[in-house]
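Notes for the structure review
Okay, here's what each chain looks like letter by letter:
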Amino acid sequence: MLFRSARFLLASTSEVYGDPQVHPQSEDYWGNVNTIGIRSCYDEGKRVAETLAFDYHRQNNVDIRVARIFNTYGPRMLENDGRVVSNFVVQALQGIPLTIYGDGSQTRSFCYVSDLVEGLIRLMNGDYIGPINLGNPDEYTILQLAQTVQTMINPEVDLIYKPLPQDDPQRRKPDISRAQNFLQWNSTIPLQEGLGLTIDDFRLRLDQGVGSQVPDRQMAAPPSR
């Protein structure tokens, strides 16, 4: 049975912008993606997902909503998921040197999970189809993030540097004008506050022996949430 009244949410990503040549990134920017690079499977997979969603909307009148989600963090993240926030927090809690790829000058924007959830709810309950950026427009370098986590958890832990992976985006910052205009949405949780809540959750789980070993990699973007 085909439920034509169902509303379909596509959780897309800021990775559709690739290594952007436009900053900040707005939804009308088509992106700069290496189609055969080591990151391209994730990037292009999300791009084609958007293509298919809009084709089904145009051809079959499927009721879609498309959110381009920027880096998101918060409690209940997997300790070994390879994301930069979880890697830094677990490394600092375990007294392991924080691994920075490149010189740490590449930037990201970090949205606390409750802000993202509120944005998705507003998108699904509204009339605007998208695509729409959902992310925190505050921009931090990876080095700044590492130093913040270091200060909050263990100022004695070292920072180590490894080569930057191929096609790693140099800058990432959402233009959230559409979210502000169509959803009346803004991110509200500053990074320091959100990190504090995240660190408390990770510390509790690691103390209970739930944590896993941090992988020897750090994906500063994909997965971007």
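One can find the structure itself at the top, above this paragraph.
Residues numbered from 1 in each chain as written. Predicted model: local features only at pLDDT ≥ 70, side-chain atom pairs only at ≥ 80, totals over all residues. Heavy atoms only, no water.

1. Some thoughts on a nonpolar patch on the surface
There is a patch of nonpolar side chains on the surface, built from Val48, Leu52 and Tyr56 and spanning about 300 Å² of accessible area. One can find Leu52 in helix α1 (residues 40-60). (Patch = residues over 30% accessible without salt bridge, like charges linked within 9 Å, V, L, I, M, F, W, Y side chains within 5 Å. Areas by Shrake-Rupley, 256 points an atom, 1.4 Å probe, with all protein chains shown as cover. Salt bridge = Lys/Arg side-chain N within 4 Å of Asp/Glu carboxyl O. Helix = DSSP H or I, 4+ residues; strand = E, 2+ residues; numbered from the N terminus.)

2. A word on unusual backbone geometry
Of the consecutive residues His23 and Pro24, the connecting peptide bond is found in the cis state with omega at -5 degrees. The topology assignment puts Pro24 in the loop between β1 (7-13) and α1. Cis rather than trans, the peptide bond between Gly130 and Pro131 has omega equal to 5 degrees. Along the chain, Pro131 falls in the loop between α3 (113-125) and β7 (132-134). At Arg76, a position not held by glycine, the phi torsion is positive, near 75 degrees. The phi dihedral of Asp167 is positive, around 65 degrees, even though this residue is not glycine. Here Asp167 is to be found in the loop between β9 (159-162) and α5 (177-183). The class of Asp167 is partly exposed, set by a relative accessible area of 31%. (Buried < 20%, exposed > 50% of the residue type's maximum accessible area, 1.4 Å probe, protein only.)

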